[in-house]
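Overview (structure and organization)
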Amino acid sequence: MYRSLHNTSYAKLRYGRKIVAIAAFVGAVLLSGVGSSVLAQNGRAASPAGAAAFATDPARDAVLKSYLQKHFKIPNPALIELGPAFRTRFDGLLARQLVVSNEQGQRVTTTLFFDKNEDKAIIGQFIDVGTEPWGRVNMGAVSLDDRPMLGPADAPVTIVEFADFECPFCAHAFSMLETLVNTTYKGKVKAIYKNYPLNAHLWAIKAAEAAECARLQNPAAFWDFARYFYTNQGSINPENLQQHVDKLVNSQKLDRPSLKACMDNPQTEARVKQDQLDGNSVQVTSTPTFFVNGIPVVGLPDGKILEFVIDSELGEKPPSASAH
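In this report, we go over the structure that sits alongside the text.

What counts as what
- Residues numbered from 1 in each chain as written.
- Predicted model: local features only at pLDDT ≥ 70, side-chain atom pairs only at ≥ 80, totals over all residues.
- Heavy atoms only, no water.
- Helix = DSSP H or I, 4+ residues; strand = E, 2+ residues; numbered from the N terminus.
- Buried < 20%, exposed > 50% of the residue type's maximum accessible area, 1.4 Å probe, protein only.
- Contact = heavy atoms within 4.5 Å.
- Core = buried A, V, L, I, M, F, W, Y, C linked by side-chain atoms within 4.5 Å.
- Salt bridge = Lys/Arg side-chain N within 4 Å of Asp/Glu carboxyl O.
- Axes fitted to C-alpha atoms, helices over the stretch in contact; angles between N-to-C directions.
- Parallel < 35°, antiparallel > 145°, perpendicular 65-115°, else oblique.
- Left-handed = near helix turned anticlockwise from the far one by under 90°.
- Nonpolar A, V, L, I, M, F, W, Y, C, P; charged D, E, K, R; others polar.
- Expected span 1.5 Å × (residues − 1).
- Arc of directions from axis to C-beta.
- Polar contact = N/O pair within 3.5 Å; in protein donor to acceptor, adjacent residues only side chain to side chain.
- Disulfide = S-S within 2.5 Å.

1. Observations regarding the overall build of the protein chain
A tally of regular secondary structure across the protein chain gives ten helices and nine strands. For the protein chain, buried positions account for 50% of its 324 residues. Partitioning the contacts of the protein chain with sequence separation of at least 6, the portion at a separation of at least 24 is 71%.

In structure tokens:
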């Protein structure tokens, strides 16, 4: 399965201050309105099974990269990476992985198809309709025990979210997730939160540590911390984060010295780091990223997209249909 830009949506890359060039690139290759869940998550290169890579002409590669940079208005050519070339199953059609990054370290990957002269190309996704269509990811190596959870432990559908408290799209997704778990699919869905603070966000890591320490004192407090951080993103900065945490500690009647000691404990930092490593292991590159029973849904999805995936896993009609 190959990752692509097939309707990856602006939530995939747009947040951040200097993102215009990448957003333009994303917009240029949108293929349909199906939803960002088609973004495959295993991150393998655009190579057919068993195909051997072959060398391309560096001069032609340079011309191609220059064209892409100008066409999609990408300010720095170093943000464009061309992977090894492979022959596809179609005679005369070659393929390689194309990766475009932004200055905040986010990456979008797609497949570039081209002819042998590299003067004609298609940016898109090679689809083998004989494979499993969801792009389902094996979550077996991801640590899910002893993590923040909403909903019943034995729910048939598990949504694992990788999120960042400083991410504005995660803030929008949070209320949607609570509604899915607590109302729309009450008793049928559980959500597990995994911290994935991005490097560009200056207070996200300490906020994640604070919420984790609150959870260790009172599991329900984690969700109150999360709701507060998301609601008050605009007023929080690295300098006043601790003041906001102290306010939350008081309102939640938590033990302040214990929470402070927990935040200073290297083990807390290690737990957040483990969540990040788990995200990397399943090719998370942006927030929010959801896995619905292992099915990836990337970016801020329309609620109907998540409902479609959940209903498919439950084998039920959509809630809107069953209401009639």
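Let's pick the thread back up.
2. Focus: the nonpolar core
Counting residues in hydrophobic clusters, the biggest one holds 53 residues, and the most contacted among them are Phe-165, Phe-225, Phe-229, Tyr-230, Val-245, Leu-259 and Ile-310. Per-element accounting of this core gives the leading share, nine residues, to helix H3 (residues 168–184). Discounting chain neighbours no more than four positions away, the residues touching Tyr-230 are Ala-163, Asp-164, Phe-165, Cys-167, Cys-170, Ala-171, Phe-174 and Tyr-193. Counting eleven residues, the second largest nonpolar core, distinct from the first, contains Met-139, Val-142, Val-284 and Phe-291.

3. Quick notes on the pattern of salt bridges
Summed over the entire model, instances satisfying the criterion amount to 15 salt bridges. Ionic pairing is found between Lys-260 and Asp-264, a salt bridge with its closest N-O pair at 2.9 Å. Placement of both Lys-260 and Asp-264 in helix H7 (residues 256–264) is noted, with a separation of four residues, approximately one turn of the helix. The class of Lys-260 is partly exposed, set by a relative accessible area of 36%.

4. Regarding the packing of H3 against helix H5 (residues 219–231)
Running from amino to carboxyl end, H3 crosses H5 at an angle of 140°, the nearest separation of the two axes being 9 Å. Judged by the inter-axis angle, H3 sits oblique to H5. Seen along the crossing, H3 lies across H5 with a hand that is left-handed. From H3, Cys-170, Ala-171, Phe-174 and Glu-178 reach across to H5, where they touch Trp-223, Ala-226, Arg-227 and Tyr-230. Considered class by class, the residues forming the contact of H3 with H5 number six nonpolar, no polar and two charged.

5. Considerations on unusual backbone geometry
Here the amide bond leading from Thr-287 into Pro-288 is cis, since omega sits at -5°, within 30 degrees of zero. Here Pro-288 shows up in the loop between helix H8 (266–281) and strand S8 (289–292). Phi is positive for Lys-73, close to 55°, though the residue is something other than glycine. Residue classification places Lys-73 among the exposed residues on the basis of a relative accessible area of 61%. In the Ramachandran plot, Lys-253 falls in the positive-phi region, its phi being about 55° despite a non-glycine side chain.

6. What to know about H3
Compared with the 24 Å implied by 1.5 Å per residue over 17 residues, the 23 Å span of H3 between its first and last C-alpha is a close match. All of the buried residues in H3 are Phe-169, Cys-170, Ala-171, Ala-173, Phe-174, Met-176, Leu-177, Glu-178, Leu-180 and Val-181.

7. Describing the environment of Met-149
Among the structural elements, Met-149 can be located in strand S5 (residues 149–150). Considered as a pair, Met-149 and Ile-159 are ten residues apart in the sequence and their alpha carbons are 9.6 Å apart. When neighbours within four sequence positions are excluded, Met-149 is seen to be in contact with Lys-190, Ala-191, Ile-192 and Trp-223.

8. Things to note about helix H2 (residues 58–71)
A turn of α-helix holds 3.6 residues, and therefore any two residues three or four places apart point the same way. For H2, with 14 residues, the first-to-last C-alpha span of 20 Å sits near the 20 Å given by 1.5 Å per residue. Those residues of H2 that fall on the buried side of the exposure criterion are Asp-61, Leu-64, Leu-68 and Gln-69. In a view along the axis of H2, the buried residues occupy a sector of 135°, so they form one face of it. Opposite the packed face of H2, turned more than 90 degrees from it, sit the exposed residues Val-63, Tyr-67 and Lys-70. Looking at the buried side of H2, the elements it contacts are strand S1 (80–87), strand S2 (94–101), strand S3 (107–114) and strand S4 (121–124). Looking at where H2 begins, the residue whose side-chain oxygen comes 2.9 Å from the main-chain nitrogen of Ala-59 is Asp-57. Within two residues after H2, Lys-73 carries a phi angle of roughly 55°, on the positive side.

9. Comments concerning the state of the cysteines
With the rule as written, the count across this model stands at one disulfide. Paired through a disulfide, Cys-213 and Cys-262 show a sulfur-sulfur distance of 2.2 Å. Torsion about the S-S bond of the Cys-213 and Cys-262 cystine: about -85°, corresponding to left-handed handedness. Linking Cys-213 in helix H4 (residues 204–217) with Cys-262 in helix H7, this pair joins segments that are 49 residues apart in sequence. Pair check on accessibility: Cys-213 and Cys-262 agree, each one buried.

10. Some thoughts on the packing of H3 against helix H9 (residues 303–314)
How two helices pack is summed up by the angle between their axes together with the distance between the axes. As a packed pair, H3 and H9 sit with axes 11 Å apart at the nearest point and diverge in direction by 45°. Accordingly, the angle class assigned to the pair H3 and H9 is oblique. Our pair here, H3 against H9, has a crossing hand that is right-handed. Residues Met-176, Leu-180 and Thr-184 of H3 lie in contact with H9, whose contacting residues are Gly-303, Leu-306, Glu-307 and Ile-310.

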